[in-house]
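Each chain, letter by letter, is given below.
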Amino acid sequence: ETKNPENASSKGNPYISVLSKTEVVKNKKPCLSLDWSTTEPHMMIVSQGDRGTSVWSVGENGTAMTRKHFIQEAHDIDEVWIAAFDRSSASVVYTGSDDCTLKSWDLRESVQKPV
């Protein structure tokens with residue numbers, strides 16, 4: 001059984017197990033992408049079909065998921081197609097959408113507007 005999300009498989013992985021039991025987006029909107037932080041392996045970001053993006057922390061051994069940050073209106077249209085962590089910092093994330101923009105967000109600052 002692995003604790004590293006990069007080596008995740010759906011069998012026996014505590015991170016995947018808790019993810020499958022957590023409602024990430026309300027109102028039956030889809031989760032469109034998911035990325036695990038390379039610097040903080042318990043952190044993941046999800047792009048959503050409701051203009052939002054959320055950053056989650058998974059507890060040790062996959063016991064629970066806690067939403068740490070929520071960018072409510074990351075883009076001007078519904079689908080945020082992609083969200084990813086910066087490869088060198090879990091404090092910086094990127095989002096992209098059909099509004100033809102790629103945005104950078106610093107989670108140490110207010111997530112009301114991109115940096």
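Attention here is on the structure that accompanies the text. Note that the structure is predicted; figures quoted are calculated from it, not measured.

To continue, consider the pattern of salt bridges. Per the counting criterion, the structure on display carries 3 salt bridges. Ionic pairing is found between R87 and D35, a salt bridge with its closest N-O pair at 3.2 Å. With R87 in the loop between strand 5 (80-86) and strand 6 (89-97) and D35 in strand 1 (residues 31-36), this residue pair connects regions lying 52 residues apart in the sequence. Residue classification places D35 among the buried residues on the basis of a relative accessible area of 13%. Between E73 and R51 there is a salt bridge, with the nearest N and O atoms lying 3.4 Å from each other. Placement of the pair is E73 in the loop between strand 4 (65-71) and strand 5 and R51 in the loop between strand 2 (43-48) and strand 3 (53-58), with a sequence separation of 22 residues. We classify E73 as exposed; its relative accessible area is 53%. Residue class for R51 comes out partly exposed when judged on its relative accessible area of 25%.

All right, on to the sheet that holds strand 7 (residues 101-106) then. Read across the open sheet, the 3 strands follow the order 5-6-7; overall the sheet is antiparallel. Edge positions in the sheet fall to strand 5 and strand 7, since each has one partner strand and no second. Averaged over all neighbouring strand pairs, the angle between strand axes comes to 20°, with direction disregarded. As paired elements, strand 6 and strand 7 share 6 bridges and run antiparallel to each other. Residue pairing in the sheet places S97 in a bridge with T101 of strand 7.

Rules behind the numbers
Residues numbered from 1 in each chain as written. Predicted model: local features only at pLDDT ≥ 70, side-chain atom pairs only at ≥ 80, totals over all residues. Heavy atoms only, no water. Salt bridge = Lys/Arg side-chain N within 4 Å of Asp/Glu carboxyl O. Helix = DSSP H or I, 4+ residues; strand = E, 2+ residues; numbered from the N terminus. Buried < 20%, exposed > 50% of the residue type's maximum accessible area, 1.4 Å probe, protein only. Pairing = 2+ DSSP bridges. Axes fitted to C-alpha atoms, helices over the stretch in contact; angles between N-to-C directions.

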